[in-house]
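Per-entry structural report
What follows is the residue order along each chain.
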Amino acid sequence: MSEKGNEFGLLYGGRNYDIFATLLGFGHSYYEKAAGELPLEKGMKVLDLGCGTASLDIEIEKKAEHTCKVYGIDLSDTQLKYAHSKTKGMEEEISFYKGTMDELPFKNDAFDIVVTSVAFCETDEEVRRGSIKETSRVLRNGGYFVLIDCARPRMALTSVMLLPFFMLKTNEDNWNNTYVEICKNNGLVLDKEADLKSYIRCQLFKKE
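Residues numbered from 1 in each chain as written. Predicted model: local features only at pLDDT ≥ 70, side-chain atom pairs only at ≥ 80, totals over all residues. Heavy atoms only, no water.

Description of the packing of helix H2 (residues 28–36) against helix H3 (residues 55–63)
- Running from amino to carboxyl end, H2 crosses H3 at an angle of 55°, the nearest separation of the two axes being 9 Å. Of the possible angle classes, the one that applies to H2 and H3 is oblique. Once H2 is placed against H3, the crossing between them reads as right-handed. On the side of H2, the interface is formed by His-28, Tyr-31, Glu-32, Ala-34, Ala-35 and Gly-36, while H3 contributes Ser-55, Leu-56, Glu-59, Ile-60, Lys-62 and Lys-63. (Axes fitted to C-alpha atoms, helices over the stretch in contact; angles between N-to-C directions. Helix = DSSP H or I, 4+ residues; strand = E, 2+ residues; numbered from the N terminus. Parallel < 35°, antiparallel > 145°, perpendicular 65-115°, else oblique. Left-handed = near helix turned anticlockwise from the far one by under 90°. Contact = heavy atoms within 4.5 Å.)

Describing the packing of aromatic side chains
- Under the defined criterion, the tally for this structure stands at eleven aromatic pairs.
- Seen from their ring centres, Tyr-71 and Phe-106 are 5.9 Å apart, and the 70° between their planes marks the pair as edge-to-face. Of this pair, Tyr-71 sits in strand S2 (residues 69–74) while Phe-106 is found in the loop between strand S3 (94–98) and strand S4 (111–117), placing the two residues 35 residues apart along the sequence. Comparing Tyr-71 with Phe-106 shows no difference in burial state: the two are buried.
- Every member of this aromatic cluster is reached through a ring pair, and the members are Phe-26, Tyr-30, Tyr-31 and Tyr-199.
- Directly above the ring of Phe-26 sits Lys-197, whose terminal nitrogen or CZ lies 5.9 Å from the centroid. (Phe/Tyr/Trp six-rings, centres within 6.5 Å; stacked < 30°, edge-to-face > 60°. Buried < 20%, exposed > 50% of the residue type's maximum accessible area, 1.4 Å probe, protein only. Lys NZ or Arg CZ within 6 Å of the ring centre and 35° of its normal.)

Read these as spatial facts, not as claims about activity.
Here it is in structure tokens:
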């Protein structure tokens, strides 16, 4: 764990990360459902904060019929190396950058959609707030920030089974859903909200 977030070393990163994620309910069907929440249109530019092994990025391209340009950023060398191996042949569609989500190497108004999936819970409060500020900067007016993160769980068997996971991943922001206020203070207004799982919330914020 670096001061900016979880770097997922050799034991928990790469191929092993995908295996563990699937066991925790974050397999293909999860990423397919998550991509389905994005208001994608052909030709859009999409940025994935904390892209990990690029599972979501691949599903985004499938949904967009391989017409979008996806940029993934992550601080983990292990995750990015495996992401490259999973996206061979898709280099024109998906590009990766090593870096932190609160210091984005992109110009203002560069993206139509910025998304992050269960990555904020791997960072601290300062990084989360910096990331939202940076998201607002790189989003064009009318663009969307899709924030997917752990949430206060609804009563369900899977929530009870994954209680240890919640204890490690919860923080004041996702537990109390302070993201609505933080985003609003950065010009991002809540447009839509849905539950991907009993413990995973998906929120769409529009830049106005």
